[in-house]
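These are the residues of each chain, in order.
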Amino acid sequence: MMGPKQEAQAALFYEFSLEEHVPQDHLLRSIERHLDLSGIRGYLSDFYSHTGRPSVDPELMIRMLLVGYCFGIRSERRLCEEVHLNLAYRWFCSLDLTDRLPDHSTFSKNRHGRFRESELLRHVFETTVAQCIAEGLVSGQRMAIDASLIEAEATKQHSASQEEWDAAQIDAQTAPRAVRKYLETLDEAAFGAASPVKPKFISYSDPASQWTAAHKAPAFFAYSDNYLIDTDHSVIVDVEATRSIRQAEVGSTKTMLDRVKKRFDLHPERLIADTAYGSAPMLGWLVDRGIDPHIPVIDKAGRPDGTWSRTDFEWDAENDQYICPEGHALKQFRRNYSDPNRGLSGKGTARYRALKLTCQACPSKAKCCPNTDARKITREEHEDARQIARDIAKTRQYKVSMKLRKKVEMLFAHLKRILGLGRLRLRGPCGANDEFLLAATAQNLRKLAKIFPAPQQMRTA
Ligand code: SF4
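Reading guide: rules and limits
Residues numbered from 1 in each chain as written. Predicted model: local features only at pLDDT ≥ 70, side-chain atom pairs only at ≥ 80, totals over all residues. Heavy atoms only, no water. Helix = DSSP H or I, 4+ residues; strand = E, 2+ residues; numbered from the N terminus. Expected span 1.5 Å × (residues − 1). Bend = angle between axes of the 7 residues up to and from the residue. Contact = heavy atoms within 4.5 Å. Axes fitted to C-alpha atoms, helices over the stretch in contact; angles between N-to-C directions. Parallel < 35°, antiparallel > 145°, perpendicular 65-115°, else oblique. Buried < 20%, exposed > 50% of the residue type's maximum accessible area, 1.4 Å probe, protein only. 1 Å grid on protein atoms, 1.4 Å probe; cavity = no way out; pocket = protein on both sides within 12 Å on 5 of 7 lines; lining within 4 Å. Points joined across faces, edges and corners; volume = space filled by probe spheres on them. Nonpolar A, V, L, I, M, F, W, Y, C, P; charged D, E, K, R; others polar.

*Asks:* Account for helix α7 (residues 104-118), naming residues and giving values.
*Replies:* Between its terminal C-alpha atoms α7 stretches 21 Å, which fits the 21 Å expected from 15 residues at 1.5 Å a residue. If you look at α7, its biggest bend is around 50 degrees, right at Arg 111. The secondary structure elements touched by the buried residues of α7 are α3 (40-44), α4 (58-70), α5 (76-85), α8 (120-134) and α19 (428-451). Once α7 ends, the next one or two residues include Glu 119, with phi positive near 55 degrees.

*Asks:* Describe the packing of α4 against α19, naming the residues involved and giving the relevant values.
*Replies:* Here α4 crosses α19 at 75 degrees, and the two axes come no closer than 9 Å. When the interaxial angle is binned, α4 and α19 end up roughly perpendicular. Between α4, through Leu 65, Leu 66, Tyr 69 and Cys 70, and α19, the contact on the second element is made entirely by Glu 435, Leu 438, Ala 439, Thr 441, Ala 442, Leu 445 and Arg 446.

*Asks:* Summarise the environment of Lys 254; cite the residues concerned and give the values.
*Replies:* Following the sequence through the fold, Lys 254 ends up in helix α12 (residues 246-264). With a relative accessible area of 29%, Lys 254 lands in the partly exposed category. Residues Lys 254 and Gly 306, spaced 52 residues apart in sequence, show a C-alpha to C-alpha distance of 37 Å.

*Asks:* Could you give an account of empty space enclosed by the protein, with specific residues and numbers?
*Replies:* Following the criterion strictly, the structure yields two cavities of 30 Å³ or more and no others. Empty space within the largest cavity amounts to approximately 60 Å³. Taken together, the elements giving at least two residues each to the lining of the largest cavity come down to α4 and α7. Among the elements that line the lining of the largest cavity, the one with the most residues is α7, at three residues. In this structure, the second largest cavity encloses a volume near 40 Å³. What lines the second largest cavity is His 34, Leu 35, Asp 36, Leu 37, Val 124, Thr 127, Thr 128 and Gln 131. It is α8 that contributes the most residues to the lining of the second largest cavity, four residues altogether. Broken down by class, the residue content of the lining of the second largest cavity amounts to three nonpolar, four polar and one charged.

Dropping the structure here:
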């Protein structure tokens with residue numbers, strides 16, 4: 001039997017409990033268990049005036065932003081509409097049915113003001129990392145690092161070539177905020193000073209973003225989102241925004257490893273990364289700190305003509321010499337010099353030479369040095385660290401590490417596909433940093449919620 005037609009009836013009084021209407025297995029119920037924002041008001045107290053009109057509760061704004069990043073709603077205007085309409089979002093933000101929401105412009109004012117000055121978003125992110133550590137999800141023994149390109153809020157149509165940009169007279173006082181931030185961060189390795197190479201195009205709307213391309217795809221303006229994760233449960237232990245150039249991404253590794261050591265006393269036994277991180281200085285830096293580099297070495301020693309490469313020669317550290325396959329020594333010096341730096345090239349590369357007479361009479365000369373009188377071999381700075389990385393690459397643990405490395409890529413895939421962060425909404429280095437911090441916080445909270453879901457009981461008010 002067909003029931004009566006549904007008619008809207010304006011009731012005078014409702015008995016309504018948000019608590020009862022939010023499903024027990026809702027993601028936000030599990031996130032609520034692990035979110036500790038109790039320290040926010042104390043953390044921000046120095047950034048608020050003690051007089052004047054009361055502000056919007058900062059905890060409410062952070063809760064709303066976390067709802068947005070957990071469910072892929074990054075427009076603050078739309079976020080206000082969604083929280084207004086969605087009961088679960090209201091419940092999470094401790095808003096009753098009749099409570100008014102802050103205006104969307106409040107977020108922008110706070111983001112550019114006290115949130116940024118106080119580094120509140122980093123504080124919230126680190127609170128979730130501390131929670132993951134407390135729950136036993138982070139051992140700190142094996143960490144992996146990687147970077148992913150995130151498209152910036154900038155287009156080619158509104159950009160200039162390097163020459164046009166240099167010729168333009170930019171007044172830092174009247175320039176847009178993103179341009180001012182670009183000028184302020186030019187001397188930072190993460191944004192301007194990591195590489196002397198000038199970009200091909202510079203965006204007028206977000207000049208700190210990098211004109212770049214991945215996997216031979218069309219180029220676009222982007223920032224790099226750098227994640228340092230603990231591979232036990234793929235918890236993001238640190239995050240950093242940089243320009244999308246390799247030097248800046250690799251430089252962020254040092255920043256993040258130093259920071260997790262300082263903040264959480266985490267010092268990994270091994271660091272897992274791809275070839276981009278396998279430069280000699282990076283490997284040397286890791287080995288100096290007692291971290292095993294599970295990283296493919298960037299090695300250009302191979303020879304395209306099929307003659308013996310450096311790896312065919314044995315290194316004799318005790319006597320500072322190489323031994324060739326025929327058993328002869330290649331030395332840096334045949335005499336003793338008082339200057340220990342003598343013989344080094346400008347980049348700290350040392351050259352080892354065989355004796356001309358020995359090579360001339362050698363039966364293997366055609367396989368070794370067919371076009372020169374005697375064989376020469378160069379030894380890069382940090383070659384010991386490179387050799388350690390090469391030796392690690394032969395072990396079984398290294399194979400395991402290469403599988404674990406995929407966990408960072410999975411997090412980036414989740415970030416783009418599920419959280420919808422394929423393109424930034426905010427401009428400038430600080431805007432990118434804010435978005436990456438909020439997204440990483442949301443990913444860690446979702447991880448905690450998945451591993452430790454809320455028990456099926458009601459929250460006490
Ligand atoms: S050519 Fe010289 S360096 Fe090469 S194998 Fe013969 S002796 Fe050794």
